[in-house]
Amino acid sequence: MDTPLLFVPRHPVLKKRDDFEDVLEERRRSSDLRYALRCYTPTLYKGLVPCKVSVLKSIVLQSDHLQCVIKQVSSESGDSTECVAEEASLILDEMAHRMQLSTVRFFVFTLSKAFKRLFRSVCVNEEGIQRLQQAVQEHPVVLLPSHRSYMDFLMMSYLLYMFDLPLPVIAAGMDFMSMKFIGEMLRMSGAFFIRRSFGGDKLYWAVFSEYVKTMLRKGYAPIEFFLEGTRSRTCKSLTPKTGLLNIVMEPFFKGELFDVSLVPVSISYERVLEESLYARELLGVPKPKESTSGLLKARRVLSEDYGSMHVYFGHPVSVRSLAEGKIKRSQYNLLPRYIPQKPSVDTHEFLNDAAFRLVRIQEENMVLKPWVLIATLLLQNPDGMDLSSLTEQTDWLRHLALAFGAFLDWPDHEACSEVISCSLALHRRLLSVSAGHVQLSVTDAPQVETTPEEAVFQRAVVVLSCASYRNQILHVFLRPALLAVAMQSANSSRKDDIYNCFNFLRNMFSNEFILCPGDSVQDFEEACYLLMKRGVLQVLEHEIVMSASGQSTLAFLCSVLDPFLQGYQVTPYTQCANVHYCAKVWGSVFLSFFLSFFLSFFLSVSNFQKTALSCKRTGKTHKKFPVFG
């Protein structure tokens, strides 16, 4: 195992973030209908005019790649090429978008009304928009937003329309197609529908990949998809999926495009619309099926206050720069471009590394609200806290988070107590405030008698909802927290021992948090630097020593990871208990089966012997045993 024998401080650069503009401010002062019907003239890639749906379909179906796969499938299945081609055409009809500006305008009008009721503000970084406007003119663009709510893709299209940017085509799950009327409207607003999994369906994969690559190569519209694949029910970044990322990078690998721009977008909510729904799903309640009737029933959310929303468009990431020195594009010249090729091991590693780094950028640009700090403290104090103590500790935690590089939206020129009071009021469904004491509780439950099981379930919903907000700030404390736990577990001040423990914990949590592959030493150095800067510890040549004033900070950081450590400790015991229980059950079943079989066999033999003896005495032949006669 490689260990850092000599510590060289790597100072993480605290990035200067862009300023924000509230895009709803203007919407509140002018007509939504006039805005939806305004002249929309987006700047396009190399001045191209978007093609008709029928033309795009024809290009995809006649492509050399798809024709090659059609012949392969025909040869393997024994069906005629015409039959397989017809199937490919039907797949494309089911999948493809049918963008219509009239439908987009209807959505813009409707969403303007909804957003003004749901949110106090929707803040966007204008410099990010300007960078995106430049990027779409130079290279094909892929938009990669974070995914915490159904609202994400609606807001993305709404903002691009607002700033005269090309509307994206969005990868959406088949679930939305079952929504009568709404599903078709989403298709006409740029959504294209794909299955959740393709299995071994070679033809479906070929149609899908060729459809995406054709739009990218021709530059007809930006492609938009979620690297995490699905909404995060815990509001913690999920391990990224690389299938679609490989598809959008392949035209560059094969020399069909000079470059592709990947734009990570971070979408942050002060209050998530689905907070209680997510908690119930985590507790085993089935996810409600997407339907138009369900959407209409959910309109009551329009009477709720969901605070503010922030959308941060990150710097475009060049695929050419990412791949430099990591991908040998010459390997793609050994076969004709249209012949399908499985990604090599090096390509898989590159895609995985790139995906993790893009999600890490999303995390770093997430705007955090004061409530995430409050939720973190309330979860560590399940019996509640005095309001004065909560205010004091929140202010301490705010300075710690800022020192670690958190992107915190804390109101200027407002007293800490005022900020906390506003946050408590917004999230009043998750807590109660009585006689200056703040505690997590169910405050909106009906005043009826409940069973103990129902009370526990409701309490769990509140705790998990609160934990989802705590999870939003985990990436800020993660690396220092891993170091704090490593120092506590190593029982040594030697740097190598602490690093080995740090590396073990990092590997253990590699599927739990966004930890870039191969960055163990860099993460260790970053954690050391951040804690040194706060005066929590001293890093010597061969030792790491805690300072006298660092105990409280290290104790807090250890408590941040404590729920996850306990979860990882409980899981093996649960599995062992399940195995032991299954062994007992199957042992009992086997024993019962064996005893019943033995008893039946014994009785059969006994009856057999009695019958045989009877036949011998009487000299008669028994119809069941003719041999004894």
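Residues numbered from 1 in each chain as written. Predicted model: local features only at pLDDT ≥ 70, side-chain atom pairs only at ≥ 80, totals over all residues. Heavy atoms only, no water.

The name an unreviewed UniProt entry assigns to the chain is Glyceronephosphate O-acyltransferase, from the organism Cyprinus carpio. Check the Subcellular location (unreviewed entry) section of the UniProt entry for the chain; it says "Membrane". The UniProt entry for the chain carries the following text under Pathway (unreviewed entry): "Phospholipid metabolism." (UniProt positions renumbered as here; feature names shortened; annotations may be inferred.)

Turning our attention to the overall build of the chain. Counting its regular elements, the chain contains 23 helices and 14 strands. For the chain, with 629 residues in total, the buried portion stands at 49%. Pairs at least 24 apart in sequence give 78% of the contacts found in the chain among residues at least 6 apart. Carbon and sulfur atoms provide 57% of the accessible area of the chain, an area that totals close to 31,100 Å². (Helix = DSSP H or I, 4+ residues; strand = E, 2+ residues; numbered from the N terminus. Buried < 20%, exposed > 50% of the residue type's maximum accessible area, 1.4 Å probe, protein only. Contact = heavy atoms within 4.5 Å. Areas by Shrake-Rupley, 256 points an atom, 1.4 Å probe, with all protein chains shown as cover.)

This part is about the pattern of salt bridges. If you walk through the whole model with that rule in mind, you get 34 salt bridges. Note that Asp305 is salt-bridged to Arg120, the shortest N-O span being 2.7 Å. With Asp305 in the loop between helix 13 (292-297) and strand 8 (308-313) and Arg120 in the loop between helix 6 (101-118) and strand 2 (121-125), this residue pair connects regions lying 185 residues apart in the sequence. In this structure, Glu364 and Arg360 form a salt bridge, with 3.6 Å as the shortest nitrogen-oxygen distance. One end of the pair, Glu364, and the other, Arg360, are both in helix 15 (residues 345-364), four residues apart, so they sit about a helical turn from each other. The exposure class assigned to Arg360 is buried, which follows from its relative accessible area of 15%. (Salt bridge = Lys/Arg side-chain N within 4 Å of Asp/Glu carboxyl O.)

This part takes up the nonpolar core. Grouped together as the largest cluster of nonpolar side chains are 109 residues, with contacts concentrated most on Phe119, Phe313, Trp371, Phe477 and Leu483. Among the elements that make up this core, the one with the highest residue count is helix 20 (residues 474-490) (11 residues). If we skip the residues at most four places from it in the chain, Phe477 touches Leu397, Leu400, Ala401, Phe404, Phe556 and Leu557. Counting residues in each nonpolar core, the second largest holds 72 residues, with Phe153, Ala172, Ile327 and Leu351 among its members. (Core = buried A, V, L, I, M, F, W, Y, C linked by side-chain atoms within 4.5 Å.)

Quick look at the packing of helix 21 (residues 495-508) against helix 22 (residues 520-533) now. Here helix 21 crosses helix 22 at 115 degrees, and the two axes come no closer than 10 Å. Like other packed secondary-structure pairs, helix 21 and helix 22 cross with a definite hand, here right-handed. Contacts between helix 21 and helix 22 involve Lys495, Ile498, Tyr499, Phe502, Asn503 and Arg506 from the former and Ser520, Val521, Asp523 and Phe524 from the latter. For the contact of helix 21 with helix 22, the per-class residue count stands at five nonpolar, two polar and three charged. (Axes fitted to C-alpha atoms, helices over the stretch in contact; angles between N-to-C directions. Left-handed = near helix turned anticlockwise from the far one by under 90°. Nonpolar A, V, L, I, M, F, W, Y, C, P; charged D, E, K, R; others polar.)

Turning our attention to the sheet that holds strand 10 (residues 385-386). Here we have three strands laid out as an open sheet, ordered 10-12-11, and antiparallel in their pairing. Strands at the two margins of the open sheet, each flanked by one partner only, are strand 10 and strand 11 (431-434). Both strand 10 and strand 12 (residues 437-440) contribute to a ladder of two bridges, which runs antiparallel. Its bridge partner lying in strand 12, Met385 is registered against Val438. (Pairing = 2+ DSSP bridges.)

Turning our attention to the layout of surface pockets. Counted as a void, the second largest pocket has a volume near 1,200 Å³. For the second largest pocket, the lining is made up of 48 residues, of which Phe198, Trp205, Phe208, Gly243 and Leu244 are closest to its centre. Among the secondary structure elements, those contributing two or more residues to the lining of the second largest pocket are helix 4 (64-77), strand 4 (169-173), strand 5 (191-194), helix 10 (202-218), helix 11 (243-253) and helix 15. The element best represented in the lining of the second largest pocket is helix 10, accounting for six residues. (1 Å grid on protein atoms, 1.4 Å probe; cavity = no way out; pocket = protein on both sides within 12 Å on 5 of 7 lines; lining within 4 Å. Points joined across faces, edges and corners; volume = space filled by probe spheres on them.)

Looking now at empty space enclosed by the protein. For the structure on display, the rule yields six cavities of 30 Å³ or more. Its boundaries defined by the atoms lining it, the largest cavity holds a volume of some 220 Å³. For the largest cavity, the lining is made up of 21 residues, of which Arg148, Cys235, Asn471, Gln472 and His475 are closest to its centre. Of all the secondary structure elements, the ones that give two or more residues to the lining of the largest cavity are strand 7 (261-269) and helix 20. At four residues, helix 20 tops the list of elements feeding residues into the lining of the largest cavity. Of the residues that constitute the lining of the largest cavity, the class distribution is 11 nonpolar, five polar and five charged. If you add up the space inside the second largest cavity, you get close to 180 Å³. What lines the second largest cavity is a set of 15 residues, among which Phe107, Phe153, Leu154, Ser157 and Ser189 lie closest to the centre.

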